[in-house]
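Each chain, written out:
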Amino acid sequence: MKVFEFPLARITISFLLGILTAFTCRPNPKWIFGFLICFLLLTCFFIFLVRKSRKNKRYTSLLCYFISFLTGISSLIIQTDSFQKDNYSNHKTVFEKEHSVTLVIREKLKNTTYNQRYIALIKSIDHKNYSGKILLNISKESTLQTLQTGNILRIQAYIQKNKKPDNPNQFNYGSYLDKKQIYAQIYANLTAIELSSELQKDSWFYIAKIRTRITDNLQKAHFDPTALTVAAALILGQRQDIDPGIVQDYQYAGAIHILSVSGLHVGFIFLFLNFILIPIPNTRKGSFLKLSIILSCLFIFAFVAGLSPSIVRSVTMFSFVAIGLHLRRSVNIYHTLLVSILLILLFQPYFLFDAGFQLSYLAVFFIVWFQPVLSQLWKPKNKTAKYSWDILTVSFAAQIGTLPLSLYYFHQFPGLFFITNLAVIPLLSFIMFLGIIVMAFSAINFTPFWLTKPLEWSIYLLNKIINTVASFEQFIIKDIPFNFSLLTFSYLLIIAFIIWFKKPYFKSLAFALLSIILCQLTFLSNKWQIQHQEEWLVFNQKRNSLIIQRQGNEVVVYSKDSAVAKNKMLNSYLIANFCRIKNQKEIQHVAYFKANKILILDSAGIFPENTKPDIILLTQSPKINIDRILLSLQPKLVIADGSNYKSMLPQWEMSCKKQKIPFHATAEKGYFQLK
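Not measured: the values here are computed from a predicted model.

Conventions and cut-offs
- Going along each chain's sequence as written, the residues are numbered from 1 onward.
- With pLDDT at 70 or above as the cut-off, local features in this predicted model cover only qualifying residues; side-chain atom pairs require 80 or more to be listed or tallied, and sums for whole chains, interfaces and linings still use all residues.
- Hydrogens and waters are ignored; side-chain quantities use all the structure's heavy atoms.
- Each patch groups residues whose relative accessible area exceeds 30% and which form no salt bridge, using 9 Å between like charges and 5 Å between nonpolar side chains of Val, Leu, Ile, Met, Phe, Trp and Tyr.
- Each accessible area is a Shrake-Rupley result for a 1.4 Å probe, and residues are judged covered by the shown protein chains and nothing else.
- Salt-bridge detection follows one rule: a side-chain nitrogen of Lys or Arg within 4 Å of a carboxyl oxygen of Asp or Glu.
- We count a stretch as a helix when DSSP gives it H or I for four or more residues in a row; a strand needs E for two or more, and each element gets its number in order from the N terminus.
- Any residue under 20% of the maximum accessible area for its type is buried, any over 50% is exposed, and the rest in between are partly exposed; the area is computed with a 1.4 Å probe on protein chains only.
- Contacts: residue pairs with any heavy atoms within 4.5 Å of one another.
- Polar contact criterion, stated in full: a pair of N or O atoms within 3.5 Å, where within protein one must be able to donate a hydrogen and the other to accept it, and residues adjacent in sequence count only if both atoms are side-chain atoms.
- Here Asp and Glu are counted as negative and Lys and Arg as positive; His is not counted, and neither are the chain ends.
- Working convention: axes come from line fits to C-alpha atoms, limited for helices to the stretch in contact. Angles between N-to-C directions cover 0 to 180 degrees.
- Every angle not falling under 35 degrees, over 145, or within 65 to 115 is termed oblique; those three ranges are roughly parallel, roughly antiparallel and roughly perpendicular.
- Polarity classes work like this: nonpolar for Ala, Val, Leu, Ile, Met, Phe, Trp, Tyr, Cys and Pro, charged for Asp, Glu, Lys and Arg, and polar for all others, with Gly in that last group.

Q: Account for a nonpolar patch on the surface, with residues named and values stated.
A: On the surface, F441, I444, F446 and W450 cluster together to form a nonpolar patch covering roughly 460 Å² of accessible area. By the element assignment, F441 lies in helix α14 (residues 417–443).

Here you go:
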């Protein structure tokens, strides 16, 4: 691949490796900054020597790559809030008791079933200055009005650290928040909240005010609420108010990327700006004026749309394209991609761990690299056929490039994605052009019927097309098991075959065949490992008990819930471990796993006489004398699952401590696993 021959590509790879190293190892900042200064001085010395000796060029190149590696580490350290001394996560006492917390609302998130959610910035805790982002959950039962960016609150509440998942292979929301540098959450109700009459008026406040003004004016113009939420997602980057049913339709139709502002949307805006600026002459001053307007509009759009990773990536890349056009030079798209990655991650290294950022760059890279090859397979002379063929080849290139990563994150594949793109992209271009005009005029309170209604009807048609495609559920492949090893070797296979397709030589064919063998070995290795695994698991589930016993890829489920097969926690476990439900049984009083005898007590608290269990599992809040049972049975371990009342757990734990018996409450420690 020629792209890896560029020095910039090697520097970028070294930089990315530095970010990954810093994220994994958490090195000492003093050592890293010290090494960076030393190597910079050493590089300057070698550059001076290069003038006299060509042999030193290799050493200079190696030093440059190593400096790039150290810069990646330094970038992540500098941008990590937890390295700041005044960040609340560095003070253990913050998590030990209830505090008076003063914070400022930064961003409104999508509500959950029970809570309104916001990202907030901590200003002080118990009147002492602290910093850091936190997730604020306010009970929906509270009559507090929806908060806006800039609201200052004082809350009396506990600050709770992000928890690990309660169940195996569950989505790690705590880790997700950590990557957003949100290290804790606050749960509050109306009685604990004091809302200040003052507002913190910064750039985020004014940007949010513009968005609110646009949506309020469109609501006053009787814009359809469902269409408005989709328009806000397409143009303003605000997805929090979209109906979950609509989101699911877009997922099933393979068009979920449409609801996330990315390169497709910014590309339409770029074309639209170039179109309306045609009257400006291409003189030196005119070209500079065009460039200034385009760059200003793109960055204003990025701020209004919320500066998500995909928006920042797209705006940065198209800014380089605009600069290249102004300089009248052909822009090397690979250089543009590499420079945009370096610039973005230099200031926001945590974007690297964002799924949208990863999918975005992969899609663009494979479109640039593989789409020209696909387009050469057929060259239609008819303009309509050529336009449709271009859309298809772009869609296939992007889908092939993002397929392994999509399977790894989402475990499903929309089989009709190409039909969706053929039908939707022409309509989406019209919606984007018209939507920009409508939103701009709405910001100045100009929302005429003849302008807003075409946008509303277009979005209605878009949703109808998506809903129709999504209704063919037989073409949606769900619950596809896919782990990191399969992800790695799948990309090796795809890259090898594209190289062979572009250059059908013996070496490239050998590389492609080797990649097939490696993929097969990976699959067989996974299968062998799974077949030789056994485990007994107690899930943390409220109200109902859920126990499974796995032998290889076959799972026996013990539960009273008749709909357990639809349980999301269980389904995540089955997908991650490449297994299926063999049978479902009622929970018995006694279970056996390997050399362990397990006594299971339910609400009745009855158990067979002369039982000497190794483990006692407490379920459904049994009415028992725990001290007497522990003295009588003398188990090695006591487990309490999530079906018990939480008020009983401290008493049981205290009794176990007296008898020096380990106690595991799944409500506090998460699931229990026996291997």
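Q: Describe in detail the pattern of salt bridges, supporting the description with residues and values.
A: In a structure, side chains of opposite charge can pair up when their charged atoms sit close to one another. Summed over the entire model, instances satisfying the criterion amount to nine salt bridges. Here K386 ties to D390 by a salt bridge, and the two come within 3.3 Å at their closest N and O atoms. In this pair, K386 and D390 both sit in helix α13 (residues 383–410), four residues apart, roughly one turn of the helix. Residue classification places K386 among the partly exposed positions, given a relative accessible area of 43%. K478 is the partner of E473 in a salt bridge, and the nearest nitrogen-oxygen pair spans 3.8 Å. Residue class for K478 comes out partly exposed when judged on its relative accessible area of 35%. The network of salt bridges with common partners includes E554, R580 and K582.

Q: Explain helix α18 (residues 568–576) to me, using residue names and the numbers behind them.
A: Within α18, burial applies to M569, L570, Y573, L574 and I575. Buried-residue contacts for α18 involve β11 (534–538), β12 (547–551), β13 (554–558) and β14 (580–585). Put simply, N567 is the residue that caps the front of α18, since its side-chain oxygen is 2.9 Å from the backbone nitrogen of M569. Residue F578 follows α18 closely and has a positive phi angle near 55°.

Q: Requested: an account of unusual backbone geometry, with residues and values cited.
A: Within the chain, H127 stands out as a residue other than glycine whose phi angle is a positive 70°. Relative to the assigned elements, H127 resides in the loop between β2 (115–125) and β3 (128–129). On the basis of relative accessible area, H127 is assigned to the exposed category, the value being 63%. Of note, H222 is a non-glycine position whose phi angle comes to about 65°, a positive value. The residue H222 is located in the loop between α5 (203–220) and α6 (225–236) in this model. The class of H222 is exposed, set by a relative accessible area of 66%.

Q: So what's going on with the side chain of K290? Which residues, and what values?
A: Among the structural elements, K290 can be located in helix α9 (residues 284–304). Buried within the structure, K290 lacks any salt-bridge partner; D390 is the closest side chain of opposite charge, at an N-O distance of 23 Å. Beyond its immediate chain neighbours, meaning those up to four positions away, K290 contacts L277, I278, I280 and N282.

Q: Please set out the packing of α13 against helix α16 (residues 484–502) residue by residue, giving values where relevant.
A: Working note: a packed helix pair is described by the angle between its axes plus the distance between those axes. At a closest axis distance of 9 Å, the pairing of α13 and α16 adopts a crossing angle of 175°. Here α16 runs roughly antiparallel to α13, going by the angle between their axes. Along its contact with α13, which presents I400, G401, T402, P404, L405 and Y408, the element α16 presents F484, L487, S490, Y491 and I494. In terms of residue class, the contact of α13 with α16 is made up of eight nonpolar, three polar and no charged.

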